Amino acid sequence: IHEVALVPLTETGLRVRVVTASGENVSGAVVEAAPLNPLLPPHVAVTDANGAIAFPDAPPGSLRLTAFADGYVASTVLMPEDHRAAGATITLSRGL
């Protein structure tokens, strides 16, 4: 008989919310979660009616999160790996 120790995996999921400067949800925004490691591919998803998206299998490490939406200026934030549990909020400003 062999003893085996199980170790929980690190949580890789990430929740992102996209809002306007006044706090309104931005539905239909495209969010890219790109690892800082250029060898790993980015994950892309579209926000729901509440301006939210979940990346259940987000790439490991720190991520560059960029949100794009029609009528808004794109915005990018850096998400350190150790802050994923809190999720991220990206604020978009109206474009010209």
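Computed from a predicted model, the values in this text were never measured in an experiment.

Peer 1: Lay out the sheet that holds strand 5 (residues 63-68) with the relevant residues and their values.
Peer 2: Strand order in the open sheet formed by 4 strands is 3-2-5-7, with antiparallel pairing between adjacent strands. The open sheet is flanked by strand 3 (43-46) and strand 7 (75-79), the only strands paired with a single partner. Averaged over neighbouring strand pairs, the angle between their axes works out to 20 degrees when direction is ignored. Across 4 bridges, the pairing between strand 2 (residues 30-35) and strand 3 is antiparallel. Counterpart to valine 31 in the pairing with strand 3 is alanine 45.

Peer 1: Quick one: what's the story with the pairing of strand 5, residue by residue and with numbers?
Peer 2: Bridge count between strand 2 and strand 5: 6 bridges; the pairing is antiparallel. Counterpart to alanine 33 in the pairing with strand 5 is leucine 65. Sheet analysis places strand 5 next to strand 7, joined by 5 bridges and oriented antiparallel. Counted as the bridge partner of alanine 67 is serine 75 from strand 7.

Thresholds applied
- Residues numbered from 1 in each chain as written.
- Predicted model: local features only at pLDDT ≥ 70, side-chain atom pairs only at ≥ 80, totals over all residues.
- Heavy atoms only, no water.
- Pairing = 2+ DSSP bridges.
- Helix = DSSP H or I, 4+ residues; strand = E, 2+ residues; numbered from the N terminus.
- Axes fitted to C-alpha atoms, helices over the stretch in contact; angles between N-to-C directions.

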